[in-house]
Amino acid sequence: MKVVLPGGTGQVGTILDRALTAAGHEVTVLTRRPVLAHHIKWNGVTLGPWAAAVDGSDAVINLAGRSVSCRYTAENLRAMMDSRVDSARVVGEAVAAASRPPRVWLQMSTATVYAHRFDAANDEATGVIGGTETGVPDYWAYSVDIARNWERAQAEAPTPLTRKVALRAAMVMSPDRGGVFDVLSRLVRLGLGGPVAGGAQYVSWIHGADFVRAVEFLLARNDLDGPVNIASPHPLAHRDFMRALRAAWRVPFGLPATGWMAELGAFALRSDTELLLKSRRVVPGRLCEAGFTFAHPEWESAAASLVRLARRPDSAHLTPPDDSPQPSPPTGLLSSRPDRADPPS
């Protein structure tokens, strides 16, 4: 199968590139700074020669967008918005212009689209979209606007021959350097992995292996389109999330942090407290209804798995990103390489 990954050099893109390539698929990464043979340069804004890779491909998985790990200044928020909306728009233009458009377009989105809440979980059918909550910083609503505009750019693209899915993804946990699991693990090992601001806020997450399997599942299931939550079925309070991570690393204690301490830490790390303080209680309603099963549904065992992977001395364990046998992917788009011989893009 031919897969195009716009924005495929970040943490999530690296996971998918590695796993799909290992499975025998032909992966092309669109990036502003190509360094490998299967990389093609693009700017994420305008059509160019890169669009030839989309024409004749089987699937496009668009992951492009400025990292959210930054200070949420007006300039950075605008860059987050523009990079996501522009890349989704131009991918739609490439799909629409293709003589042989891909059969499916998976578009990265975010679980941040849902409201900051504690009382109930957000699934796709009954979840509350955020932006109108009281008692939270005003700029949190802009993060929701980014997510909504991101999804709208895909939904409005005139691509009638291509099935479209918006991946409302929670934090993807993998042992890769610089990823969220790596950052949190370093804090835990330094003794700083306690609850933040009381720790009642919910954390939604997904093991990297289950993220790959969910993508495979959605590529293969021709009956699924629109928004799909990509998250473990068991989000948990931040205090419990960090307790389990400390246990996995065998660190007995983690210093708690107040809200103002979190502000200082976020400033020092050039990040933002929304990533820590917003309660993201998200569950994968549509995936579960469609019969998807998680290899790592519980954080305690997932954290233990990720710690084992992180402790391995080489990087071979990262393909695929798991340390246990995985259920076979569903039959369909990913069950084998396509029968037709496609010309080089």
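What comes next is a walk through the structure.

### A closer look at the packing of aromatic side chains
Argument step 1. Counted under the stated rule, the structure contains five aromatic pairs.
Argument step 2. Among the aromatic side chains, those forming a connected cluster through ring pairs are Trp205, Phe241 and Trp299.
Argument step 3. Over the aromatic face of Trp150 sits the side chain of Arg84, whose NZ or CZ is 4.8 Å from the ring centroid.
Argument step 4. Here Arg189 stacks its cationic end above the ring of Trp249, 4.6 Å away from the centre of that ring.

### Structural notes on the packing of helix 7 (residues 238-249) against helix 11 (residues 299-311)
Argument step 1. Viewed as axis vectors pointing N to C, helix 7 and helix 11 meet at an angle of 40°, and their least axial separation amounts to 9 Å. Relative to helix 11, helix 7 is oriented oblique. Regarding helix 7 and helix 11, the two cross each other, and that crossing is right-handed. Only Trp299, Glu300, Ala303, Ala304, Val307, Ala310 and Arg311 of helix 11 make contact with helix 7, whose side of the interface consists of Phe241, Ala244, Leu245, Ala248 and Trp249.
Argument step 2. Broken down by class, the residue content of the contact of helix 7 with helix 11 amounts to ten nonpolar, no polar and two charged.

### Focus on the nonpolar core
One broad rule of soluble globular proteins: the nonpolar side chains tend to lie buried together.
Argument step 1. Core analysis: the biggest nonpolar cluster contains 38 residues, and Ile61, Leu106, Phe211, Leu218, Ile230 and Leu287 have the highest contact counts within it.
Argument step 2. Per-element tally for this core: the top contributor is helix 6 (residues 208-220), with seven residues.
Argument step 3. If sequence neighbours within four positions are ignored, Ile61 has contacts with Val3, Val4, Leu5, Pro6, Leu16, Leu20, Leu106, Val215 and Leu219.
Argument step 4. Listed in part, the 20 residues of the second largest apolar core include Met173, Phe181, Trp299 and Val307.

Procedures and definitions
- Residues numbered from 1 in each chain as written.
- Predicted model: local features only at pLDDT ≥ 70, side-chain atom pairs only at ≥ 80, totals over all residues.
- Heavy atoms only, no water.
- Phe/Tyr/Trp six-rings, centres within 6.5 Å; stacked < 30°, edge-to-face > 60°.
- Lys NZ or Arg CZ within 6 Å of the ring centre and 35° of its normal.
- Axes fitted to C-alpha atoms, helices over the stretch in contact; angles between N-to-C directions.
- Helix = DSSP H or I, 4+ residues; strand = E, 2+ residues; numbered from the N terminus.
- Parallel < 35°, antiparallel > 145°, perpendicular 65-115°, else oblique.
- Left-handed = near helix turned anticlockwise from the far one by under 90°.
- Contact = heavy atoms within 4.5 Å.
- Nonpolar A, V, L, I, M, F, W, Y, C, P; charged D, E, K, R; others polar.
- Core = buried A, V, L, I, M, F, W, Y, C linked by side-chain atoms within 4.5 Å.
- Buried < 20%, exposed > 50% of the residue type's maximum accessible area, 1.4 Å probe, protein only.

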